[in-house]
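Here is what each chain is made of, one letter per residue.
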Amino acid sequence: MASVALSDRLRTLLRGNGPVVFLTGAGVSAESGLATFRGPGGLWRGRDPMDLATPDAFARDPGLVWEFYDWRRAQAAAAAPNAAHRALAELERSIPEFLLVTQNVDGLHERAGSREIVRLHGTLWRVRCVREGTEIEDLRPRLAPLPPRCVCGELLRPAVVWFGEALPEDAFAAAARAARRSALLVVAGTSSLVYPAASLPAIAKSEGAYLVEVNPEATALSPLADEVLRGPAGEIVPLLAEAAGAIREGAR
Ligand code: OAD
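Residues numbered from 1 in each chain as written. Predicted model: local features only at pLDDT ≥ 70, side-chain atom pairs only at ≥ 80, totals over all residues. Heavy atoms only, no water.

Here's the deal with the nonpolar core
Soluble, globular proteins show a tendency: their nonpolar side chains are buried together. Worth spelling out the cut-off: Residues enter a nonpolar core if they are buried and are Ala, Val, Leu, Ile, Met, Phe, Trp, Tyr or Cys, with the set joined through side-chain atoms within 4.5 Å. For every residue, the accessible area obtained with a 1.4 Å probe (protein chains only) is divided by the maximum for its type, and the residue is called buried under 20%, exposed over 50%, and partly exposed between those limits. By the criteria applied, helices consist of DSSP H or I runs no shorter than four residues and strands consist of E runs no shorter than two, each listed in order from the N terminus. When checking whether two residues touch, look at their non-hydrogen atoms; a contact exists if any pair is within 4.5 Å.
Of all hydrophobic cores here, the largest spans 32 residues; its most connected members are Leu10, Phe22, Leu91, Leu184 and Leu240. Secondary structure elements with two or more residues in this core: helix 1 (8–14), strand 1 (20–24), helix 5 (83–94), strand 2 (98–102), strand 7 (184–188), strand 8 (210–214) and helix 9 (233–243). The greatest single-element share of this core, amounting to 6 residues, is contributed by helix 9. Setting aside its immediate chain neighbours within four residues, Phe22 contacts Leu88, Leu91, Phe98, Leu99, Leu100, Val101, Val186, Val237 and Leu240. Counting residues in hydrophobic clusters, the runner-up holds 23 residues, among them Val101, Leu120, Leu200 and Ala204.

Take a look at the structure:
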């Protein structure tokens, strides 16, 4: 169990004194057994995911990229939300002005019960026609032939953001708006290396927000944080939910 002390300022802010935003990354799903991008175990068939999550890789070999994404979907489907995901759903229910912004595409926040989620990098569970841009829920049966095609005959692609691509405009605008208004921004389980998501903490701080990092390791964000809570999200986020009165002490 992580032994971290929360400051009085953080406790006050968690009691609903102003808008609260949480920004999450792959580390929040690590305790559900899903590998982070830059941590150990991140390779797929010896390849760096970063070489597969690109428009170029898809143009070269859409079948291979789809195999990678179907593998990631199978991993995510087999995983269960952990204590951090559950605590975030409780925080949303108990703090009047609360927004969850995530870089994760695994769907575990949704499955834990979070309702309003800004998905900066899309989701594994939807597909998009490369010609029409129409996005639909992915209802392909398991083991359907790869790569899948739209009814129009063109390729379907995962509705996720790849390296070199722009984020969904409305999602980033909503996240930046919330960051600017926030009294408290908590950044959990992200290396803070991937932009523009990584710019949100600085945006919030420049408008006066209190900035907290939850991560077992030091990151690019640590020097900017007002408070650093070193430990796994599955232990620390429930402590924050307790301090907010969102869950009873010991009910993790
Ligand atoms: P990274 O893999 O870059 O970073 C994961 C972070 O989680 C690291 O800082 C770890 O120290 C931390 N971590 C590990 N275990 C943890 C735990 N139990 N609790 C809390 N933190 C833990 O993943 P992201 O920062 O999410 O983008 O990566 C950002 C983006 O880069 C991803 O959304 C993805 C990737 O390429 C796209 O696919 C567009």
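Brief notes about the site of the ligand
Cut-off, in case you're wondering: Note on terminology: near, applied to a residue and a molecule or strand, indicates that one of the residue's heavy atoms is within 4 Å of it. For the purposes of these results, a polar contact is taken to be a pair of N or O atoms within 3.5 Å, where, inside protein, one atom must be able to donate a hydrogen and its partner to accept one; residues adjacent in sequence count only when each atom of the pair is a side-chain atom. Method for areas: the Shrake-Rupley scheme with a 1.4 Å probe, in which residue coverage is limited to the protein chains shown. Detection works on a 1 Å grid of protein atoms alone, calling trapped sets that fit a 1.4 Å probe cavities and calling open sets with protein on both sides within 12 Å along at least five of seven lines pockets, with lining residues defined by an atom within 4 Å of a point. To decide whether a molecule occupies a pocket or cavity, check its atoms: if more than half lie within 2 Å of the grid points, it is inside. Three classes are used, and their members are as follows: Ala, Val, Leu, Ile, Met, Phe, Trp, Tyr, Cys and Pro are nonpolar, Asp, Glu, Lys and Arg are charged, and the others, Gly among them, are polar.
Around the ligand lies a shell of 23 residues, among which Ala26, Phe37, Arg38, Thr190 and Ser191 are the nearest. At a separation of 2.8 Å, a nitrogen atom of the ligand approaches a polar backbone atom of Ala233. For the ligand, the protein covers 90% of the area, taking 790 Å² as the surface of the free molecule. Counting atoms within 2 Å of the grid points, the majority share of the ligand lands in the largest pocket. Looking at the shell around the ligand residue by residue, the class counts come to 10 nonpolar, 10 polar and 3 charged.

Description of the packing of aromatic side chains
Note the cut-off: Pairing of aromatic rings covers Phe, Tyr and Trp, the last counted by its six-membered ring, and requires centre-to-centre distances within 6.5 Å; plane angles under 30 degrees mean stacked, over 60 mean edge-to-face, and any other angle means tilted. Whether a charge sits over a ring depends on NZ of Lys or CZ of Arg being within 6 Å of the ring centre and within 35 degrees of the ring normal.
Following the criterion strictly, the structure yields 6 aromatic pairs and no others. Relative to Trp71, the ring of Phe68 has its centre 6.3 Å away and its plane inclined at 20°; by these criteria the two rings are stacked. You can see Phe68 and its partner Trp71 sitting in helix 4 (residues 62–78), 3 residues apart, about one turn around the helix. Judged by centre distance (6.3 Å) and plane angle (50°), the ring pair of Tyr69 and Trp162 falls under tilted. One end of the pair, Tyr69, is in helix 4; the other, Trp162, is in the loop between strand 6 (156–160) and helix 7 (169–181), and 93 residues separate them in sequence. A single burial state applies to Tyr69 and to Trp162, both of which are buried. Among the aromatic residues, those joined into a ring-pair cluster are Trp44, Phe58, Phe68, Tyr69, Trp71 and Trp162. The cationic tip of Arg157 hangs over the ring face of Trp162; the distance from NZ or CZ to the ring centre is 3.8 Å.

Quick notes on the environment of Asp61
Examined against the element boundaries, Asp61 turns out to sit in the loop between helix 3 (55–60) and helix 4. For the pair formed by Asp61 and Ser3, sequence separation is 58 residues and the distance between their alpha carbons is 48 Å.

So, the state of the cysteines
Operational definition: We call a pair of cysteine sulfur atoms a disulfide whenever their separation is within 2.5 Å.
Applying the stated criterion across every chain yields a total of 0 disulfides. Counting only cysteine sulfurs, Cys152 is the nearest neighbor of Cys129, a cysteine outside any disulfide, at a range of 3.7 Å. Considering cysteine sulfurs only, Cys150 is the nearest to Cys152, which forms no disulfide, with 3.7 Å between them.

Thoughts on the sheet that holds strand 5 (residues 135–137)
Applicable threshold: By the convention used here, strands pair only if DSSP detects at least 2 bridges between them. Angles shown run from 0 to 180 degrees and are taken between the N-to-C directions of axes, each axis being a line fitted to C-alpha atoms and, for helices, limited to the stretch in contact.
Judged by pairing direction, the sheet is antiparallel, and its 3 strands sit side by side in the order 5-4-6 without closing on themselves. Two strands close off the open sheet at either side, each with one partner strand: strand 5 and strand 6. Across this sheet, the average inter-strand angle for adjacent strands is 45°, counted without regard to direction. As defined by bridge partners, strand 4 (residues 122–129) adjoins strand 6 across 4 bridges and the pair is classed as antiparallel. Pairing of Cys129 across the sheet is with Leu156, part of strand 6. Those strands touched by helix 4 are strand 4 and strand 6, and its axis lies near 145° from that of strand 4.

A look at helix 5
For clarity, the threshold we go by: Each residue after the first adds 1.5 Å to the expected span of a helix.
Spanning 12 residues, helix 5 covers 16 Å between terminal C-alpha atoms, matching the ideal 16 Å at 1.5 Å per step. Taken as a whole, helix 5 has its buried residues at Ala83, Ala84, His85, Ala87, Leu88, Ala89, Leu91 and Glu92. Taken together, the buried residues of helix 5 touch strand 1, strand 2, helix 6 (108–112) and helix 9.

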